[in-house]
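# Remarks on the overall topology
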Amino acid sequence: MPERYRAPRGAADLLPEDQPYWRWVQDTATRVAESYGYGEIQTPVFEHAGVFLRPGSEGTDLADKEIYAFQDRGGDDLALRTDGTHGVARAYIEHGMSSRTQPVRLFYLVCVFRYDRPQAGRYRVHHQFGVEAIGDGDPYIDAEVIDLQRTFYEALGLRDLRLALNSIGDVNCRPAYIEKLRAYYAYKLDRLCGDCRRRYDVNPLRMLDCKNEPCQPFKAAAPRSIDNLCEPCAEHFASVRSLLKGLGQPYTIDPALVRGIDYYTRTAFEFLPPDDEGQQSTIGGGGRYDGLIEQLGGRPTPGFGFGTGIERIILNLKRQGSAPRAVTTSTVFIAIASRDLQSKALIVARDLRSAGFDAVIGNASRSLKSQFGAADALGARYVLILGPRDLVEGLVTVRDLQAHTETRLPLTEIASFPKRLNP
RNA sequence: GUGGGCGUGGCCUAGCGGUUAAGGCGCCAGGUUGUGGCCCUGGAGAUCGAGGGUUCAAAUCCCUCCGUCCACCCCA
């Protein structure tokens, strides 16, 4: 017995019946992004591992334990993409996009890979819709992209999402802030949870969103990054807030919002469902990454973007009972009464398709009754019966499954039969 | 990486120590030798997740492993 395989852990199949949701979300994403002037970009599923594993990326879970890295047969170190931003940034540099009109506005719909234990709303292969505006550090861009994201959610009917906003400073002010944070926690370490003691060394910012009970009292009084921004960062953040206010875009400042990817600077944000009880409920998030392009060998170039998880969007759409609008089709099912008419059926089906119908051919070795059953299961509107009895007169029978009516038509006129059937 | 729940035909579920593992959905066929959705009848389809153990006897009890789901970590 050959081994029976199943999809690898955390990797799911998307069956035909799942597609309406996916199409809906992806079509909406494309439409909204293009309406803001963003152009679609596709980058490879894998990159040189160094694109993701840069100096500074160590200490993040994403780089340390979630990356799918491998050597190919030629010995190159490659890695499956963990997000969309890295590849886009690499492509921006590689294709000299800095000589295009700035900012370069890009969007993508991609699958990304993270080695992690799957659970509700989390997979090892998941899909993201993302947007990147590269080459303009103006706070206006932050507001535009956040606005785009909310517009996208609302176009899907995802309402009441909460926007959590923070600023984590830049290379000029963050080191000092981190030291301040360390100083604050230094003499409290023995009262913190084990995770936080570990974070103290590796990534002190992460201590801010610890959920363990012993650490809660200290979090509230911890120094906040927004109170420790350098002047340019503070001005930037104030502008972003002012622009969001002008847009009527509600948000809450979340001093504990620290994003897990190393390249973020200044603005960081997340969209969360209104009832966000779960910890992995973030629907989408992003921020500014003014150092990334430079880290990848480009000239210093600011960037801003978000990524949002399609699986989580669909999860939330289903939770709130939203469904894609049903598509009405007019499929014609060709039932074959006699096996020697298969060749004829192929031709008739082709003619119907070029007349704009969907046409599906029945299994000629099955009874007509069975073929009608198949037409039903398919949701076909019409069944065209191809049988010798009609054919000797050059006719076919067409049954309307919805109207329960039936007509015989000349074979030469089938392309226009609905008009003849429902004048 | 850590913890917990669950693994019975394609799907959902009953059985929880003792004759050929039961039902529903779905699938196939017949009831109309050229006609659907309802109904009736019949049929196919199960190494009871895998391996080991206890027992006269195990889907049922024990152990190990695997898978899966949920939670933690973290993130979309």
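Keep in mind that what you see is a predicted model, and the values were worked out from it rather than measured. Going along each chain's sequence as written, the residues are numbered from 1 onward. Labels follow written order: the first chain is A, the first ligand is 1, and so on. With pLDDT at 70 or above as the cut-off, local features in this predicted model cover only qualifying residues; side-chain atom pairs require 80 or more to be listed or tallied, and sums for whole chains, interfaces and linings still use all residues. The side-chain values count all of the structure's non-hydrogen atoms but skip hydrogen atoms and water molecules.

Stacked, edge-to-face and tilted are the three classes for Phe, Tyr and Trp ring pairs, Trp counted by its six-membered ring, which pair at centre distances within 6.5 Å; planes under 30 degrees apart are stacked, over 60 edge-to-face, the rest tilted. With the rule as written, the count across this model stands at 13 aromatic pairs. Each ring, one from Y21 and one from W24, has its centre 6.2 Å from the other, and the planes form 55 degrees; the classification is tilted. In this pair, Y21 and W24 are both assigned in helix α1 (residues 19–35), three residues apart and thus about one turn of the helix distant. Of the two residues examined, Y21 and W24, each falls in the buried class. Their ring planes at 90 degrees and their centres at 6.3 Å tell us that F269 and F271 sit as a pair that is edge-to-face. To qualify as a helix, a DSSP run of H or I must reach at least 4 residues; to qualify as a strand, a run of E must reach at least 2; elements of each kind are numbered from the N terminus. Buried, partly exposed and exposed residues are distinguished by accessible area as a fraction of the type maximum, computed with a 1.4 Å probe on protein chains only: under 20%, between the cut-offs, and over 50%, respectively.

Our next topic: the domain arrangement of chain A. What counts as a domain boundary in this text is fixed by an automatic or database domain assignment. Under the domain assignment, chain A is made up of domain 1 (16–173 + 229–319) and domain 2 (331–421). Each of domain 1 and domain 2 has a C-alpha centre, and the two are 50 Å apart.

With that settled, consider the nonpolar core. Within the largest apolar cluster, 41 residues are counted, with the highest numbers of intra-cluster contacts made by F129, F152 and I313. Elements represented by at least two residues in this core include exactly α1, β6 (125–134), α5 (139–155), β7 (162–167), α9 (231–246), β9 (265–272), β11 (303–309) and α11 (310–319). Here a residue-residue contact requires only that any non-hydrogen atoms of the pair lie within 4.5 Å. Those residues in contact with I313, other than ones at most four positions away along the chain, are V25, F152, Y153, L156, L158, I283 and T308. Joining through side-chain atoms within 4.5 Å is the link that ties buried Ala, Val, Leu, Ile, Met, Phe, Trp, Tyr and Cys residues into a set, and such a set is a nonpolar core.

Before going further, it helps to examine the pattern of salt bridges. When a carboxyl oxygen of Asp or Glu lies within 4 Å of a side-chain nitrogen of Lys or Arg, that pair is called a salt bridge. Evaluated as defined, the whole model comprises 14 salt bridges. The closest approach of N and O atoms between E393 and R408, which form a salt bridge, is 3.4 Å. Here R408 lies in strand β16 (residues 405–410) and E393 lies in the loop between α14 (388–391) and β15 (395–400), a separation of 15 residues in the sequence. The class of E393 is partly exposed, set by a relative accessible area of 49%. By relative accessible area, which is 41% here, R408 ends up partly exposed. Across the pair R399 and E406 runs a salt bridge whose closest N-O atoms are separated by 2.9 Å. Classification of E406 by relative accessible area gives partly exposed; the value is 47%. Residues joined by salt bridges that share partners form a network here, namely E47, R90 and E94.

With that settled, the discussion passes to the packing of α1 against α5. Lines fitted to the C-alpha atoms define the axes, with helices restricted to the stretch that makes contact. Angles between their N-to-C directions range from 0 to 180 degrees. It is the contact of α1 with α5, at a shortest axis distance of 10 Å, that shows an interaxial angle of 140 degrees. What the angle tells us is that α1 and α5 run oblique. Crossing of α1 against α5: the hand is right-handed. Each of V25, T28, A29, R31, V32 and A33 in α1 lies in contact with α5, whose residues at this interface are L148, T151, F152 and A155. Residue classes follow a fixed rule: Ala, Val, Leu, Ile, Met, Phe, Trp, Tyr, Cys and Pro count as nonpolar, while Asp, Glu, Lys and Arg count as charged, and any other residue, Gly among them, counts as polar. The residue inventory of the contact of α1 with α5, partitioned by class, reads seven nonpolar, two polar and one charged. Under this scheme an angle from 65 to 115 degrees is roughly perpendicular, one under 35 degrees roughly parallel, and one over 145 degrees roughly antiparallel; angles in between are oblique. Note on convention: the crossing is left-handed when the near helix lies turned anticlockwise from the far helix by less than a right angle, right-handed when the turn is clockwise.

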